[in-house]
Each structure stands twice: as structure tokens, then as C-alpha cells.
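Residue-level listing of the chains:
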Amino acid sequence: MTVTSVIPGEMNNMWRLMKRLNNYLIFSLSILALFTAAAMGQEVIVGSITYLSRDQAYIDLGKKSGIQVGDTIQVYRGEALIGTAIVSQSSGSSSAIEALTPDDPVWDIGDEIQASVNLPKADPPTPLLAVDSLSEAKPAVQVFLDSSAYTPRTPSNMSLDANRFAPTFTGYLTARASDRGGDTSGVSESSGSISAQFKILDLGIRHLDVSTYIRSNRSSRDTSSQTNIYSIMASYDNPGSRFSYLMGRMYHPQFSMLGTIDGVGLTWRSDRRVVAAAGGLMSNINDIQGHAQRNKFGLIDEERFDWGNVQLGFVGETEAGAFSRNYLLLGSTAKLGSRLRLRGYSEFDLDIQDQSQFQSAVSLTRFRASVNWRPWRSLISTSRYSYRENVVDLLDTAETEYEKAARHTFNTNLSFMLGSGMSINTQASFRGDGSNRHIQIYGVSVSHRNFTSKSLSLNAGGMAMFSYLSQGGRIYASAGRDILPWLDVDLYDEIFLYRILGDSSFKMRHLPEISLSAKVPGLQRLRLRTRFEQEDGELLYRVSLSASKQF
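Because the structure is predicted, anything quoted here is derived from the model rather than measured.

*Asks:* For the packing of aromatic side chains, give the residues involved together with the corresponding values.
*Replies:* One pass over the structure, following the stated rule, counts eight aromatic pairs. Ring centres of phenylalanine 243 and tyrosine 245 lie 6.4 Å apart, and the angle between their planes is 10°; on these two criteria the pair is classed as stacked. Ring geometry for phenylalanine 367 against tyrosine 385: centres 6.4 Å apart, planes inclined by 55°, an arrangement best described as tilted. Residue phenylalanine 367 is located in strand E18 (residues 363-376), and its partner tyrosine 385 is located in strand E19 (residues 379-388); the two are separated by 18 residues in the primary sequence. In textbook terms, an aromatic cluster arises when at least three aromatic residues are bridged by ring pairs, as seen for Tyr236, Phe243 and Tyr245.

*Asks:* Go over the nonpolar core with me, naming the residues and quoting the values.
*Replies:* Ranked by size, the top nonpolar core spans 16 residues in total, and within it Ile49, Ile67, Ile73, Ile97, Trp107 and Ile113 carry the most contacts. Those elements giving two or more residues to this core turn out to be strand E1 (42-52), strand E2 (57-59), strand E3 (72-77), strand E4 (80-90) and strand E6 (112-118). Those residues within four positions of tryptophan 107 in sequence are excluded, and the remaining contacts are Ile49, Leu52, Ala57, Val75, Arg77, Ile82, Thr84, Ala85, Ile97, Glu98 and Ala99.

*Asks:* Run through the pairing of strand E9 (residues 208-219), naming residues and quoting values.
*Replies:* Pairing geometry for strand E8 (residues 189-201) and E9, over ten bridges, is antiparallel. The partner of isoleucine 194 across the bridge, within E9, is serine 216. The antiparallel hairpin formed by E8 and E9 contains six residues in its connecting segment, where aspartate 202 sits at a positive phi of about 50°. When E9 meets strand E10 (residues 226-237), the two strands line up antiparallel, connected through ten bridges. Its bridge partner lying in E10, serine 211 is registered against methionine 233.

*Asks:* Describe in detail a nonpolar patch on the surface, supporting the description with residues and values.
*Replies:* A grouping of Leu491, Ile514, Leu516, Leu528, Phe532, Leu539, Tyr541, Val543 and Leu545 is seen on the molecular surface, where their side chains present a nonpolar patch of about 690 Å² in accessible area. Among the secondary structure elements, those contributing two or more residues to the nonpolar patch are strand E27 (513-518), strand E28 (525-535) and strand E29 (538-550). Positionally, leucine 491 belongs in strand E25 (residues 487-500).

Reading guide: rules and limits
- Residues numbered from 1 in each chain as written.
- Predicted model: local features only at pLDDT ≥ 70, side-chain atom pairs only at ≥ 80, totals over all residues.
- Heavy atoms only, no water.
- Phe/Tyr/Trp six-rings, centres within 6.5 Å; stacked < 30°, edge-to-face > 60°.
- Helix = DSSP H or I, 4+ residues; strand = E, 2+ residues; numbered from the N terminus.
- Core = buried A, V, L, I, M, F, W, Y, C linked by side-chain atoms within 4.5 Å.
- Buried < 20%, exposed > 50% of the residue type's maximum accessible area, 1.4 Å probe, protein only.
- Contact = heavy atoms within 4.5 Å.
- Pairing = 2+ DSSP bridges.
- Patch = residues over 30% accessible without salt bridge, like charges linked within 9 Å, V, L, I, M, F, W, Y side chains within 5 Å.
- Areas by Shrake-Rupley, 256 points an atom, 1.4 Å probe, with all protein chains shown as cover.
- Salt bridge = Lys/Arg side-chain N within 4 Å of Asp/Glu carboxyl O.

This is the structure in C-alpha cells:
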């Protein structure tokens, strides 16, 4: 056996070489990890729908979570994807979304939403200079006593921002001008309107926001301008606190029955319960003269369970120091699996002052129930029933507000979505006001979107209506296309046939329309719309130009 001797100096050199290689390996792995993190520049965040309006839904994610206007949102019910939407407005802690698919969404409060947000990208590290040998890769010696050898340090991203609570201004402004004429009398009407919604986030104090919504219009028939402040509200919503506050002219999200009031609101949230209270003066937005001033207040408690939620609330009105109207609210939402959801809502009038001879001490004034069923991924079914007491008959002014006849309404919608981008929607509805006042509506529509490189969209459908006042129907079709990268065109045509009760023949109305939408730098949308209306040999026209800007 031969024993090889190792010189101590060579062993030390080998040890230093291995140590230096190990340092370079750790540094290379760190560089690779930084580049990998920079490549993964998106994060999927999850939220839920908190409120539904006529054209939009509102979610509990906003700019503070990374949501921006134009982001695409996926809406889920359980594990099933029920549609996609786009963010139209975004504030600090909430956003408004509009449906992309399907056209008539069947979303509900509590549906889950998912969005991909961009993460801030870190500056890439400076790569090492190539060296010929390891012996040349020596750290530069810093001579701190020599100012010429001092390299300024890059500011840390962990330092406090002096303007971290500075107000942030956001808003949406729309202006519209239109002209209508063409009748035989030669009367032409021009009108203009401006609507704006502004919001200031973190009004010098973190989580304190203020918003206002203004609408103004002027017509050639009425020389006076009308400007309405629909809402001006200050809100404080800290995600780390269970309380949120509202003050001003507001529409409280938990109280659709309250409508618009000038007052204050308070909401307390936990994992299993939401308690909200609001009160103030009833707001006359349209400046209705002679309307009695009333105070309005409400209290609601929502208990949340794994299968759904239960709501119990009370809404009261006082006038001249006495109770005038009082309502008891009961509601519930039940999730019977990922494909079936039931929802019910009822309103009882306690009628302390007995407002009419047709009401008892406690009467059911309103009831709504809906069933959302999705047996397959591509099929969505929605059925709704509603009951309303004391229907106001606008065609017969001799009848009192509290008429004996109640209104029953039933409608159902069935949407079938194909993978190629085509969707088929059917609807049927029935409404009965009393014993001899029935209205029936049946309709079907077909839509197809984005099946060419020019984003061509087609829509067509028809509807038939039978009522105690008239009979009729309509067929329509539209086509839209991106003819240029900055210009979209939409063509629409509709033929409407109707016969008033007592007439022997049907009348026809033709309604063609053309719309041009341009993408102009600095504007959200610039749209020119021309619509014609032809009936009995008379041709009317309406031309409107609108512009929108997002701040």
C-alpha cells in the first residue's frame, strides 16, 4: 500500500478554492431566484359579490388589492364558472363590474370572484462581470475616509413614504349632446347632459374616502338647467376593523328599502354576522314639491351559515313626530350544493296608523323568491316569482293608491352557452294585476362573439307580448366589428309590430341604428349614435354624441 503525502500549503489552497466556488454557487442560486420571482409577476386574488344593481355588480376588492379598471374578473358559484366580467370602476376597497358573458348574468350576492393582479416588479440585479480566473474576482476595497470612493446607497423600499396618506383622486365623467327631429311639424329638440362621479381616496386620513355623483341636463324646450346631486358621501372603511361608517346623501348597501337618505350609517361585520344601522331624512332627488318631509331609519341583522344566510330587519318612517310606516323584513339565501341556490325575501307592513281600509294590522306587502339552477356547466336556469300588494294603476287615476288587486309576477330565463362563443337565451314571463289584467311575454335570442380576428359579434332575437291593453312583438338583429384598431362599428335593426286594444290591424315601426365608437387618447370612449324611427310614412331621427373619461 502506497501512502501519498499532501503538502499542507496545497491543501489550504484547495480548501480556499472550494469555499470560493461554494460562495459563487449560492450567489448564482440567489440570482436565479430573483429572476424567477420577477417572471411570476401576477397573483390570483379571491373576493365576493357584495351588492347587485340594475346594470352592475359590486365586489369587495379595490385598488388597495391591486384591482384596476379594465381587469377581467371570473365569477364562480361553488366550483362552477358562471361568467366573466370587466372592472368598470374601482375605488380603494371596492369595485364595480359589468358582465361580458353571459349578456344577462344570473349572479347573486355571495358569489365568489377571482382576478389576476400584477405584482410590483423588483429591479433586476446587476450581473457580475466576466472574469478570466477566480483570483481576479476580488471584492473592491472601500476607503471610507476618501469621499471619492464612496458610492451612494440605493434607498430601501422599506422606508416610509412621506405621502402615504396623500389623497388620491379618481372619477368618471360623461358628456352627451343629442338632437331629435324630423316630424312633419318641424319641431326639433336639442339637449345636453353631464353626469359625473368623483371619489377621493384617503382624504388626508387613511381609509377615509369621499364620493359624489352629480347629474345635470338642459333641453331646448326648457331653458332652465337642472342639476341633481344624487349622492355625496364620506365613508370610513378600514379592512383591519370590523366597523365601517357612512355619512351624507347615501344609498346604504344593506338597505335597498331605505332608498336615498340624508343621514348616517354604521355597519359591523364578523365572520358569521353583519349588523347595519342607518337613519336620516328622506331625499327628494327630483325636487318634488309638496312632498311631506319624513325621517327614515332602519336596522338589519344578517346571520351567515355554511348553507347560506338569514336576514331580519326593521325599517321605520316618522312624520311630524309620529310613526307613519313601519316594515318588518325577512330574507334568506340557501345554497343547496354548488349548482342550486334558493333565495327569498318578504316585507310586512306593520301599519301602526292603519293607512287604508284594505289593510289589516299586519299585512304581507311584498314577497320575492328565486331559484338558480345549473344542472350542467353550459346551462343556467333562473326562475323568479314576486308578489306585491297595493298596486298603483297608472292608467286609471280614479282608483286609489291602495287598490285591492295585488300583482303577481313570474318569469324564467334559460341560458345555454356553447364553447364556440355562442349563447342561446330564452325567457318567459307572466304578470297579473287583478283578475282581468294579464301580460305575457315570450322571447328568444342568439348571440355570438369574438369568433374572428376582427372581433365580430352577432346578436339576433325575437319577442312576443300579449296583454290586456295591446298585442305585439318585435324582431331584432345587430352586428358589431372592429373595422380599425381604434374604431368599432355597430349596426342594429328592429321591427316592432303592435295592435292597441280595439284596433283591427297591426301597426309597424322600423328602428334602424348605427353606432361608431372611437378610441381617442385621453378618453375612455367617444361614441356617435344615429337612430331612425319610421312609422306611418313619417321618419324621425335622433343623433347623439357622447364622450367618457376615466380619471
